[in-house]
Structures are given as C-alpha cells and as structure tokens.
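Inside the fold
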Amino acid sequence: MKKYIYTLVLSVFTFTQTFGQSSSPYKTSFKVDAPITAAGIGLSGLGLYLMQEKEPFTEAEALALDKNDVNSFDRFAAGNHSASAKKASDIILYSSIAAPALLLFDRDIRSNGGQLAALYLETMSITGTLFTLGSAAFPRARPLTYSSEVEIGEKTRANSQNSFFAGHTAAVSTMAFFTAKVFHDYNPDSPARPFVWAGAAIVPAAVGYLRLEAGKHFLSDNLIGYGVGAAVGILVPQLHKKSNNSGISVTPSMIRVLGQNLDGVSLQYKF
C-alpha cells in the first residue's frame, strides 16, 4: 500500500515538474507538496480503517436510542431515512470528482494540467485526513438509527456511528470550492466568476440537504463538513499562489497601559 501511494504521488508530481508552465498563478514544490500529499493519503487510509473498527451498537443499545437525547438543534432530523436521497447524494458525489476537469477547457489551465492534478490530489488528501480521523475520533449515531422503520441490522453496523462529520458534504464542498478558486485565480477579469462561486456554494449545500434527508447526518454534521471542505478547497490553492503574501510576522512594539509605556511584540498575520 505504501509503495502504491509513493508511486502515485511521485508520478503526479513528476508530471507537474515536467509540464508546469510559468503562466500558472501557483508555485508547487516536489520537496514540500509530495510529502504532504503522501502523508494525507496515508492518514486518510488510517482514518478509514479506524472508522471501520468502531465498536458497533448491540441490539439492545440500538433499540434503546431515543431521539429526545439528541441536542435540540439537530433533533428534527432524528429518524430521517430516505433511500432515494442517499442515492441522489451518491450520484452528485461521484459526478463531482471530475469537476476540476472542466477547468481544462481553459487553455492556460490546460497547459498546467499536471500542476492542477497535483494541487487537486493534495487538497483532497487533506480533506480526507480531516474527515476520516475526525469521524474515527468522534463516533456519533446517524439520524436513521433513531427510526423504528430501519432494520436492526443497519443500526448495529459500525458505519451507523459515522454521523460526525459529513464526508459526502465535505468532499463535494472541497471539489466545488477548489474548482471555483482555481478558475478565479486564472481568470481575474472574467464576468463568469460570480456564477462559478455561486455554483460552488449551491452544489455541496444540495448534497448536505440530501444527506440530511437520507438520515446519514445531522444538520451540524453537514455544516461542519461544508465548512471544512470549503476552507480546504480555497486555502490550498491560495497558499500556493506566487503572489501570496501569507505569513506570520512578529515585530517589536510599545503599548501604553494605565499611563505606562510597556515594551512588547506585535503579531501580524497576512492573508
């Protein structure tokens, strides 16, 4: 497995170094980005394993679940279960995987296709790590486990405790906002940018709604998944921008407190 991960990352980043062009607004480095991506893929695999190893509910525990024990913010979703909503959310998820490929219709982006692939792989590996390790560390019963109409076999699966946080929503949010961010950076004067961002916001929101209806996640799970995905999808390209001046600086400063001048430091973060 480790050999496969290393080969995959090496292939993507070698392609990037060979075909990346100066027209790109981004700067990538094999020495920095390849280890991050490899670690992200490896940790995602570890997290997935730990998710599958959760102690499932016993039949008695599953039957004793009471929706009144769910916090008031999320309680309205307890008991939801819709097979059609689940199927629709799966379709959007699998379709969204190829969303960044739409960027290749842009000639400048296409000329830097290898770099785009490397950034996309790195971005998704980070989201995968956050989702799988987060879910493994914080087991939470899915809304469908509170329904009397759901079979006991479904409730007593380890997967029934993977409500926190919403993986489908996080993944689609990452893909959508990554695509919008890259388009935004390559096309600073495009009138289409507001529509691209609007699409990026709407699609994962729709997935979140479907996962809520499917009884797979509570509202709070979806909100966190949406936020995590959006943050990673935007921040990874932003932190690779050539013109990015992000950083933390510490400089000496003097402040006046209760009539006294005190020496100190000023902490500044540039984004």
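All of these numbers come straight from a predicted model, not from anything done at the bench. (Residues numbered from 1 in each chain as written. Predicted model: local features only at pLDDT ≥ 70, side-chain atom pairs only at ≥ 80, totals over all residues. Heavy atoms only, no water.)

What to know about the overall build of the protein chain
For the protein chain, the count of helices and strands is ten helices and two strands. Start at the N end of the protein chain and walk to the C end: the helices and strands fall as α-α-α-α-α-α-α-α-α-α-β-β. When each of the 271 residues of the protein chain is scored for burial, the buried share is 44%. For the protein chain, restricting intrachain contacts to residue pairs at least 6 apart in sequence, the fraction spanning at least 24 positions comes to 76%. A total accessible area of about 14,600 Å² is found for the protein chain, and carbon and sulfur atoms account for 63% of it. (Helix = DSSP H or I, 4+ residues; strand = E, 2+ residues; numbered from the N terminus. Buried < 20%, exposed > 50% of the residue type's maximum accessible area, 1.4 Å probe, protein only. Contact = heavy atoms within 4.5 Å. Areas by Shrake-Rupley, 256 points an atom, 1.4 Å probe, with all protein chains shown as cover.)

Some details on the packing of helix α9 (residues 193–213) against helix α10 (residues 219–239)
Packing of α9 against α10 leaves a shortest axis separation of 10 Å and a crossing angle of 150°. Comparing the axis directions of α9 and α10 gives the class roughly antiparallel. For α9 against α10, the interelement crossing comes out right-handed. In this structure, α9 uses W197, A200, A201, P204, A205, G208, R211 and L212 to contact α10, whose residues at the interface are L219, N222, Y226 and I234. (Axes fitted to C-alpha atoms, helices over the stretch in contact; angles between N-to-C directions. Parallel < 35°, antiparallel > 145°, perpendicular 65-115°, else oblique. Left-handed = near helix turned anticlockwise from the far one by under 90°.)

As for the layout of surface pockets
If you add up the space inside the largest pocket, you get close to 640 Å³. Looking at the largest pocket, it is lined by 25 residues, and the ones nearest its centre are L93, F131, G167, H168 and A171. At the level of elements, α2 (30–52), α4 (83–96), α6 (113–137) and α8 (167–186) are the ones that each hand at least two residues to the lining of the largest pocket. When grouped by side-chain class, the residues that make up the lining of the largest pocket number nine nonpolar, ten polar and six charged. (1 Å grid on protein atoms, 1.4 Å probe; cavity = no way out; pocket = protein on both sides within 12 Å on 5 of 7 lines; lining within 4 Å. Points joined across faces, edges and corners; volume = space filled by probe spheres on them. Nonpolar A, V, L, I, M, F, W, Y, C, P; charged D, E, K, R; others polar.)

So, α10
A rise of 1.5 Å per residue sets the reference length of α10, with its 21 residues, at 30 Å; its end C-alpha atoms lie 30 Å apart and thus fit the reference within 8%. Taken together, the buried positions of α10 are occupied by S220, D221, N222, G225, G229, A230, V232, G233, V236, P237 and Q238. In this structure, the buried side of α10 is in contact with α6, α8 and α9. (Expected span 1.5 Å × (residues − 1).)

A few points about the side chain of S24
Structurally, the position occupied by S24 is in the loop between α1 (2–19) and α2. Residue class for S24 comes out buried when judged on its relative accessible area of 3%. Within polar-contact distance, the side chain of S24 engages the backbone nitrogen of Y26 at 3.0 Å. At a separation of 3.3 Å, a polar atom in the side chain of S24 contacts the side chain of Y186. Not counting the four nearest positions on each side in its chain, S24 is found in contact with N112, Q115, Y186 and K242. (Polar contact = N/O pair within 3.5 Å; in protein donor to acceptor, adjacent residues only side chain to side chain.)

A look at the confidence of the model for the protein chain
On average, the protein chain scores 87 in pLDDT, and the residues at 70 or more come to 82%. Predicted confidence for residues 248–252 stays below pLDDT 50, and this span has 14 contacts to residues more than four positions away or in other chains. In the model, residues 262–267 has pLDDT below 50 throughout and makes 20 contacts with residues more than four positions away in sequence or in other chains. (pLDDT = per-residue confidence, 0-100.)

Things to note about the nonpolar core
Counting 17 residues, the largest nonpolar core has L103, I109, L116, F178 and V182 as the members making the most contacts within it. Those elements that place two or more of their residues in this core are α6, α8 and α10. Top element by residues in this core is α8. It accounts for seven residues. Not counting the four nearest positions on each side in its chain, L103 is found in contact with I109, L116, T179, V182 and F183. Membership of the second largest hydrophobic core comes to nine residues, among which are A62, A141, Y146 and F218. (Core = buried A, V, L, I, M, F, W, Y, C linked by side-chain atoms within 4.5 Å.)

Here we look at the environment of D90
You can see D90 is positioned in helix α4. Take D90: its relative accessible area is 14%, and that puts it in the buried class. The spacing of D90 and V207 is 117 residues in sequence and 8.6 Å in space, taken between C-alpha atoms. Sequence-distant contacts of D90, that is, excluding residues within four places in its chain, are made with H168 and R211. Only 2.7 Å separates the side chain of D90 from the side chain of H168, close enough to count as a polar contact.

Looking at the pattern of salt bridges
For the structure shown, the criterion picks out seven salt bridges. Across the pair R157 and E154 runs a salt bridge whose closest N-O atoms are separated by 3.2 Å. Taking relative accessible area as the criterion, R157 reaches 39% and is therefore assigned partly exposed. Its relative accessible area of 25% is what places E154 among the partly exposed residues. Through salt bridges that share partners, D74, R140 and D221 make up one connected network. (Salt bridge = Lys/Arg side-chain N within 4 Å of Asp/Glu carboxyl O.)

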